[in-house]
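Structural description and commentary
Each chain, letter by letter, is given below.
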Amino acid sequence: MAVAAEVLVTRAPLPAGAEKVRVVEYTDPYSIWCWGCEPAIRRLEMRYPDAVEIDVKMGGLFEDFEPVRAQWARMSGGKWQDSVLAFMNAVADQHRMPMDPSKMVVSIDDFRSTWPACVAVKAAEAQGTLAGRRYLRRLREAALTEGRRIHRREVQLDVAFEAGLDANGFALALDDDSADRAFRKDLEECRTLGITGFPTFEVKKGFVSLRVEGWQPWEVFDEAIHKVDSELQPRRLEPNAETVREVMKRYGSCATREIGAIFGLSDDETEILLEDLEARAVVRRREVGRGLFWESTSAT
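What counts, and where the lines are drawn
Residues numbered from 1 in each chain as written. Predicted model: local features only at pLDDT ≥ 70, side-chain atom pairs only at ≥ 80, totals over all residues. Heavy atoms only, no water. Buried < 20%, exposed > 50% of the residue type's maximum accessible area, 1.4 Å probe, protein only. Helix = DSSP H or I, 4+ residues; strand = E, 2+ residues; numbered from the N terminus. Phe/Tyr/Trp six-rings, centres within 6.5 Å; stacked < 30°, edge-to-face > 60°. Contact = heavy atoms within 4.5 Å. Disulfide = S-S within 2.5 Å. Pairing = 2+ DSSP bridges. Axes fitted to C-alpha atoms, helices over the stretch in contact; angles between N-to-C directions. Parallel < 35°, antiparallel > 145°, perpendicular 65-115°, else oblique. Left-handed = near helix turned anticlockwise from the far one by under 90°. Nonpolar A, V, L, I, M, F, W, Y, C, P; charged D, E, K, R; others polar.

For the rest of this paragraph, the subject is helix 13 (residues 256–263). Summarising burial for helix 13: 7 of the 8 residues are buried, a large majority. The complete set of buried residues in helix 13 reads Thr256, Glu258, Ile259, Gly260, Ala261, Ile262 and Phe263. Positive phi shows up at glycine 264, right after helix 13, with a value of about 70 degrees.

Shown next as structure tokens:
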């Protein structure tokens, strides 16, 4: 959920030689507030590529969704889907990442738990950190912008293929319980740290550890990493056609808010930049719900 910007500071020893700032994201593929933090994550990846290391832990938002569904049904006079739809639209309006709540509501008719999707992410991580990040992003897109049932195994396998993973290796990790064990290790870490809400971020370097809770704009993350390393300098990126193409080459597509975060632009400045590049046939838009994704018009 979104909360007032809060950075909790503790001081505890970290492994010797930890030279990079380490950002640990405690998350869940289904969380629409976590989806809203993607602009900040992409900014960290693009602007601090050699100074910030990002790690991801699965928090398991709902082991059993039925009590929540029942509560919403009671509060809404049986029209729980209307309540969910209103909530999702309100969140989308706040963080402004593209979402399609109408498709999402349809996809949760047989939804019982977020845990299967969390296990699927751990199965992807068995193929490497970057593979896991790529899979998590694609899984979020599938659920939140396309309304696909990512709690189902067949959808998880399809997403693995779409994310460029070894589908056979992914299926094996699901079947041999290694992914489930890795997920439960993440759960135990959350419990040990007292983390119950998602997203939650731990930002660490040396003896300093900061906690950022809830959805926050990218400026809060910049402030947090500079609290643990005041000398940190972002990579210089000019908002022009060349650098936007570089971003698109890395990610394939970006939401308007993600482009703004990467380049440190206001909403108005981002829209002007992208509309200018669209007029010059550098990028093209793709509408999702009330938001936009942008893709390069060139394969280079």
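Attention now goes to the packing of aromatic side chains. For the structure on display, the rule yields 8 aromatic pairs. A ring pair is formed by tyrosine 135 and phenylalanine 170, whose centres lie 5.1 Å apart and whose planes are at 45 degrees; its orientation type is tilted. Of this pair, tyrosine 135 sits in helix 7 (residues 129–144) while phenylalanine 170 sits in helix 9 (residues 167–175); the two residues are 35 residues apart in sequence, bridging distant segments of the chain. Assigned by exposure class, tyrosine 135 and phenylalanine 170 land together as buried.

Next up on the list: the environment of threonine 27. Tracing the backbone shows threonine 27 in strand 2 (residues 21–27). For the pair formed by threonine 27 and methionine 58, sequence separation is 31 residues and the distance between their alpha carbons is 5.2 Å. Setting aside residues up to four positions removed in sequence, threonine 27 forms contacts with Cys34, Val56, Lys57, Met58, Gly59, Gly60, Leu136, Arg140 and Phe198.

Counted under the stated rule, the structure contains 0 disulfides. Unpaired in this structure, cysteine 34 has its nearest cysteine sulfur neighbour in cysteine 37, at a distance of 6.4 Å. By relative accessible area, which is 0% here, cysteine 34 ends up buried. Of all cysteine sulfurs in the structure, the one in cysteine 118 sits closest to cysteine 190, which takes part in no disulfide; the separation is 9.3 Å.

With antiparallel pairing, 3 strands are arranged side by side in an open sheet as 6-8-7. Across the chains shown, the open sheet's two edge strands, defined by having one partner strand only, are strand 6 (253–255) and strand 7 (283–288). Direction aside, neighbouring strands of the sheet carry axes that sit 30 degrees apart on average. Looking at chain direction, strand 6 and strand 8 (residues 291–296) are connected through 3 bridges and run antiparallel. By the bridge assignment, serine 253 is partnered in strand 8 with glutamate 295. Lying over the sheet, helix 12 (residues 241–251) contacts strand 6, strand 7 and strand 8, oriented at roughly 110 degrees with respect to strand 6. Each of strand 7 and strand 8 touches helix 14 (residues 267–279); the most contacted strand, strand 7, lies at about 120 degrees to it.

At their nearest, the axes of helix 7 and helix 8 (residues 153–162) sit 9 Å apart, and the two run at 125 degrees to each other. Looking at the two axes, helix 7 sits oblique to helix 8. The element helix 7 and its partner helix 8 pack so that their crossing is right-handed. Each of Tyr135, Arg138, Leu139 and Ala142 in helix 7 lies in contact with helix 8, whose residues at this interface are Gln156, Val159, Ala160 and Glu162. A per-class count over the contact of helix 7 with helix 8 returns 5 nonpolar, 1 polar and 2 charged.

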